[in-house]
Amino acid sequence: MPEEAAQSPGSCHIADEHPMFRDGIELILSDALPGWSVRHATDQAELHASLGTLSPGDLAIVSSSLPGGDAAAVLKILKRAAQSPAILISNGDLDEGVTAAALRGGIRGFVERDITRDLARLAIQLVLAGGVFLPPRMVNGLLKQTLRGEAISPVVASPRGQKGRGLADVGLSAREKEILECLAGGMSNRAIAESVDLEMATVKSHVHSIMSKLKVSNRTQAALMAVELGIRSHTPT
């Protein structure tokens, strides 16, 4: 399990058109993030106004079908909150192109409306801990897109002069490949350490080495590159 977010209480902005869903997320937040304040928005205009009060480290949980425009319009609004992690609520209407654009734009997690309480809590904690939460269906969709030869994101495209780079070209050790599988599954450093039976400091060193070899600057990009390289994701059982 990912570590709890080690930070003082912040604010969560829930933007969704369904009152019962907003109330359900707020109930989960009261358990996962005690002391955090909650703001609500019911359409894109209210979301736009709400995001103006976000502080770095706050959290936005936003419906992709929020009234007032399409999913692309929601993503455009969320660019204003780039300093704060955001989770997008999917109604099953996000195609692979929109998903990739959301990841490029900094969206750190996706949840579907039928998500369980425990999994939603995990997604929130994981995103606030610096991880990325992707439902298996979306991971599979991105992988299929990659296998068709379509670039899923410029930020994880092969470095200039190294197009077509495969796993063998990256030079990961067996242990690094194992840890990258965990990163692709959205696991935190603590969860990885428990899964592979290593000290936290050792895991952090491996993660740094992995990002250096993949030529990426953060865990989100490393997780996406893992999909590009065809590495299966691993999540704790």
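In the block above lies the structure referred to throughout.
Everything numeric in this text was worked out from a predicted model, so none of it was measured. (Residues numbered from 1 in each chain as written. Predicted model: local features only at pLDDT ≥ 70, side-chain atom pairs only at ≥ 80, totals over all residues. Heavy atoms only, no water.)

(A) Structural detail: the overall build of the protein. For the protein, the helix and strand inventory stands at 11 helices and five strands. Residue burial in the protein is summarised as follows: out of 237 residues, 47% are buried. Partitioning the intrachain contacts of the protein with sequence separation of at least 6 by distance along the chain shows that 69% fall at a separation of at least 24. Of the roughly 11,200 Å² of accessible surface on the protein, a fraction of 53% belongs to carbon and sulfur atoms. (Helix = DSSP H or I, 4+ residues; strand = E, 2+ residues; numbered from the N terminus. Buried < 20%, exposed > 50% of the residue type's maximum accessible area, 1.4 Å probe, protein only. Contact = heavy atoms within 4.5 Å. Areas by Shrake-Rupley, 256 points an atom, 1.4 Å probe, with all protein chains shown as cover.)

(B) Broad picture of the pattern of salt bridges. This model, assessed by the stated rule, comprises six salt bridges. Counted as one network, the salt bridges with shared partners bring together Asp16, Glu17 and Arg113. (Salt bridge = Lys/Arg side-chain N within 4 Å of Asp/Glu carboxyl O.)

(C) Region of interest: the packing of aromatic side chains. All told, the structure shown has zero aromatic pairs when counted by the stated rule. Over the ring of Phe21 we find Arg113; its NZ or CZ atom is 4.7 Å from the centre of that ring. (Phe/Tyr/Trp six-rings, centres within 6.5 Å; stacked < 30°, edge-to-face > 60°. Lys NZ or Arg CZ within 6 Å of the ring centre and 35° of its normal.)

(D) Layout of the packing of helix 1 (residues 19-32) against helix 5 (residues 117-128). Running from amino to carboxyl end, helix 1 crosses helix 5 at an angle of 60°, the nearest separation of the two axes being 10 Å. It follows from the interaxial angle that helix 1 and helix 5 lie oblique. As for the relative orientation of helix 1 and helix 5, their crossing is right-handed in sense. Contact with helix 1, carried on its side by Leu27, Ile28, Leu29, Asp31 and Ala32, involves Arg117, Ala120, Arg121, Ile124 and Gln125 of helix 5 and no other residues of that element. (Axes fitted to C-alpha atoms, helices over the stretch in contact; angles between N-to-C directions. Parallel < 35°, antiparallel > 145°, perpendicular 65-115°, else oblique. Left-handed = near helix turned anticlockwise from the far one by under 90°.)

(E) Up close: the sheet that holds strand 1 (residues 11-15). A sheet is described by the order of its strands in space; here five strands give the open sequence 2-1-3-4-5, paired in parallel fashion. The open sheet terminates on both sides in strands that have one partner only, identified here as strand 2 (37-41) and strand 5 (109-112). When strand polarity is set aside, the average angle formed by the axes of neighbouring strands in this sheet is 20°. Of the strand pairs in this sheet, strand 3 (residues 59-63) and strand 4 (residues 86-90) are connected by four bridges, and their pairing is parallel. Looking across to strand 4, one finds that Ala60 is bridged to Ala86. (Pairing = 2+ DSSP bridges.)

(F) Summary view of unusual backbone geometry. You will see that Asp197, though not glycine, has its phi angle at about 60°, which is positive. Locating Asp197 in the fold gives a position in the loop between helix 9 (189-196) and helix 10 (200-214).

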